[in-house]
Amino acid sequence: MADELIKPDELLSQIDHRPSGAGWMDTPVDIRKGMYCYASNPKSVETLGLPNARPWNPLEDDWKLPENWQQIVHDGFRERLDKFRSFKVFMDICVRCGACADKCHFFIGTGDPKNMPVLRAELLRSVYRNDFTTAGKILGRLGGARPMTLDVLKEWWYYLFQCTECRRCSVFCPYGIDTAEITIMGREILNLLGLNIDWIATPVANCYRTGNHLGIQPHAFKDMLDFFVDDIEEVTGVRVQPAYMEKGADILFITPSGDVFADPGTYTCMGYMLLFHYLKEKYGLKITWSTYASEGGNFGFFTSHETMKRLNSKMYAEARRLGVKWILGGECGHMWRVISQYMDTMNGPADFLEEPVNPITGTKFENAKSTKMVHIAEFTADLIKHGKLDLDPSRNDNKIITFHDSCNPSRGMGMLDEPRYVIQNVANHFYEMPANTIREQTFCCGSGAGLNAGENMELRMAGGFPRANAVKYVHETFGVNMLACVCAIDRAALPASMGYWVPEVEVTGLHELVANALIMPGEKERETDLRGEPLPGMEE
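Residues numbered from 1 in each chain as written. Predicted model: local features only at pLDDT ≥ 70, side-chain atom pairs only at ≥ 80, totals over all residues. Heavy atoms only, no water.

### A few points about the overall build of the protein
The following threshold applies: Labels follow the DSSP assignment, with helices taken as runs of H or I lasting at least four residues and strands as runs of E lasting at least two, numbered in each case from the N terminus. Within these notes, the globule rule equals 2.2 Å times the number of residues to the 0.38 power, and the radius of gyration is based on C-alpha atoms. Exposed residues in this analysis have more than 50% of their type's maximum accessible area, buried residues have under 20%, and partly exposed residues fall in between, with area computed by a 1.4 Å probe over protein chains only. Residue contacts are defined here by distance: any two heavy atoms, one from each residue, within 4.5 Å place the two residues in contact. Shrake-Rupley sampling with a 1.4 Å probe provides the accessible areas, and residues are treated as covered by the protein chains on show and by no other component. The charge count includes Lys and Arg as positive and Asp and Glu as negative, but it does not include His or the ends of the chains. Charge coordinates come from a single atom per side chain, which is NZ of Lys, CZ of Arg, CG of Asp or CD of Glu.
Counting its regular elements, the protein contains 22 helices and eight strands. Taken against the 2.2 N^0.38 rule, which gives 24 Å for 540 residues, the C-alpha radius of gyration of the protein at 23 Å falls within 12% of a compact globule. Seen through its principal axes, the protein has C-alpha atoms that stretch 75 × 50 × 40 Å. Relative to its 540 residues, the protein shows a buried fraction of 59%. In the protein, once contacts between residues fewer than 6 apart in sequence are set aside, the share between residues at least 24 apart is 77%. Here the protein has roughly 20,600 Å² of accessible surface; of this, 49% comes from carbon and sulfur atoms. A distance of 7 Å separates the average location of the 56 positive side-chain charges in the protein from that of its 71 negative side-chain charges.

If you want it as structure tokens, here you go:
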């Protein structure tokens, strides 16, 4: 990757945060390679039932739009203003104070003023003023209004797909404007013209066809877990026995498919399997996997509210079919924002399931009272708090760890302390990054919301710079060599970012660390961790 990109120092030197001499309405969009994702595959668009499926290229002048595309945009804008009151409020109340301007990782990393959240949203507001406000119709450009032209549409597409919907900007907005919601609405309108990116459209189409974003067939999903069974036995001497579609099991477990097929998420997946085997052997807890509900992530979140709703419903349909008590969710990001903030108004409440209670500790998960879905970090933290896991944290002594608050679990569901509690009980060396880069103020990985492609690597490295800069600080100060997270997108995106900016730091999921420390019933003396690397004291 480093050979394909300019060097880090060169990327930093080209960042210029000085304002342009021209007004933002007079600076035409410059769509260039390395900063955008490929156009959506027409077959994927057809599978999703979205309009105007056709091959097109963002670098070409002709985007092959319908003749009445401006009317389609106008009608789609009006429909969403009428349907979502928050959208209209967000269009009206921004005073352009600039409190959000320097909070976006893409603005920090690129210096492009149109990546300031306030200005990215202004791309839509200008058309809103022109089409839907009296002042805009009278004052025109003087009132910040402009008509929807082809150049404006291309500007929308380019910059709305330079937003990871991380919501860091909303933390600092004095009016509470959720710019991520504006991005979602803008992307919905673009979808009315068939203007999506392939890294979103194809994973969603795969999820429709086979149940997960990677297009994994049910037998291949099971085969991969069977490979993990062999790997786990080689490391621990214990042969775990995952259950599939077991009717009447206590809990249905659903995790992102990235954990099953992409390193280093695969080690996190092995961690789940070891933990579940431990709980079955020690306490008789029955947790089942599903090859139908084989995707916790929800790329529909980056497409439209309706698509998000349809993908979310699959998990609950499977829970109903299997007759489980409640659902346990893996380490994912956007799955948890959808569950925590949208589930009840889309598909809930899930009254056919029981209110989640940990059958081992008796803890009632009040935050999951309606959704009936518990994050595995909460679940594991509760087990540790009640002394239900046998742990040897010294097995992680060669790992000096810091924690990246994944955007959606932190800002989207308020899960801040549980992952830290788990890490501090399964490892002995943990250090926090600077306070203004973690918890509610955490920086994004720079590749969320469907931007974790290969063709936009320059954008990803620029967007990942603020997070990497904080990691570099704790690496140089405390010797940190491991970045932990609770999101599959992070586990896919951060290794590239760390390899570019801080190559001495690796990336891990939370439950990989748990599994390393977990003393399994009947295990042999362990010599390596799940990655096959020597445990502390076993280097010889």
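### A short note on the packing of aromatic side chains
We apply this condition: Stacked, edge-to-face and tilted labels apply to pairs of Phe, Tyr and Trp rings (six-membered ring for Trp) whose centres lie within 6.5 Å, assigned for plane angles under 30 degrees, over 60, and everything in between, in that order. Lysine NZ or arginine CZ positioned within 6 Å of the ring centre and within 35 degrees of the ring normal marks a charge as sitting over the ring.
Evaluated as defined, the whole model comprises 24 aromatic pairs. Geometrically, the ring pair formed by F465 and W501 is tilted, given 4.9 Å between the ring centres and 50° between the ring planes. One end of the pair, F465, is in helix α20 (residues 457-478); the other, W501, is in helix α21 (residues 488-501), and 36 residues separate them in sequence. Here the two residues F465 and W501 agree in accessibility, since each one is buried. Just above the ring of F443 sits the side chain of R168; from NZ or CZ to the centre is 3.8 Å. If you follow R320 out to its NZ or CZ, it ends over the ring of F352, 3.9 Å from the centre.

### So, the pattern of salt bridges
This is how the line gets drawn: For salt bridges, the criterion is a side-chain nitrogen of Lys or Arg within 4 Å of an Asp or Glu carboxyl oxygen.
Under the criterion given, the structure shown has 34 salt bridges. Linking R239 and D230 is a salt bridge whose minimum nitrogen-to-oxygen distance equals 3.0 Å. Taking the relative accessible area as the measure of exposure, D230 reaches 38% and is therefore partly exposed. In this structure, E523 engages R395 in a salt bridge whose closest nitrogen and oxygen atoms are separated by 2.5 Å. Of this pair, E523 sits in the segment after α22 (510-517) while R395 sits in the loop between α17 (376-385) and β6 (401-403), placing them 128 residues apart in sequence. Across the pair, exposure class does not vary: E523 and R395 are buried alike. When salt bridges with common partners are traced through the structure, they connect R96, E122, R125 and R129 into a single cluster.

### Focus on a nonpolar patch on the surface
Let me state the cut-off plainly: Each patch is built from salt-bridge-free residues with over 30% relative accessible area, joining like charges within 9 Å and nonpolar side chains (Val, Leu, Ile, Met, Phe, Trp, Tyr) within 5 Å.
On the surface, a cluster of nonpolar side chains totalling about 390 Å² of accessible area is made up of I138, L139 and L142. Along the polypeptide, I138 turns up in helix α7 (residues 134-139). Classification of I138 by relative accessible area gives exposed; the value is 67%.

### Some details on the pairing of strand β8 (residues 506-509)
Two faces make up the sheet, and in a regular strand the side chains alternate between them. The condition that has to hold: Two strands are said to pair when DSSP picks up at least two bridges between them. Looking down the strands as they point away from you, a crossover is right-handed if its path from the first strand over the helix to the second goes clockwise.
For strand β7 (residues 482-485) and β8, the ladder comprises four bridges, and the chain directions are parallel. Note on β8: the bridge partner recorded for M482 is E506. Taken together, β7, α21 and β8 constitute a β-α-β crossover, and its handedness is right-handed.

### Details of the nonpolar core
Definition in use: Among buried residues, those of type Ala, Val, Leu, Ile, Met, Phe, Trp, Tyr and Cys that are joined through side-chain atoms within 4.5 Å constitute a nonpolar core. Domain extents, as shown, originate in an automatic or database domain assignment.
Residues F77, W156, W157 and M498 are the most contacted members of the largest nonpolar core, which totals 96 residues. Ranked by residues supplied to this core, first place goes to α20 with eight residues. Of the residues that make up this core, three or more belong to each of domain 1 (27-196) and domain 2 (203-517). Each residue touching W156, except ones within four places of it in the same chain, is listed here: V73, F77, L123, L124, V127, M148, I189 and L190.

### Description of the domain arrangement of the protein
Quick note on the threshold: Polar contacts, as counted here, are pairs of nitrogen or oxygen atoms within 3.5 Å of one another; within protein the pair requires one atom able to donate a hydrogen and one able to accept it, and residues that are adjacent in sequence qualify only if both atoms are side-chain atoms.
Parsing the protein into structural domains produces domain 1 (27-196) and domain 2 (203-517). Of note, the centres of domain 1 and domain 2, computed from C-alpha atoms alone, are 31 Å apart. Residue-level contacts link 37 residues of domain 1 with 38 residues of domain 2. Across the contact surface, domain 1 and domain 2 share three salt bridges. E458 is the salt-bridge partner of R32, the closest N and O atoms lying 3.1 Å from each other. Between domain 1 and domain 2 we count 15 residue pairs in polar contact (both at pLDDT 80 or more) in total.

### Brief notes about the environment of E46
Within the secondary structure, E46 sits in helix α2 (residues 42-48). The class of E46 is exposed, set by a relative accessible area of 56%. Each C-alpha atom of the pair E46 and L459 lies 28 Å from the other, and the pair is 413 residues apart in sequence.

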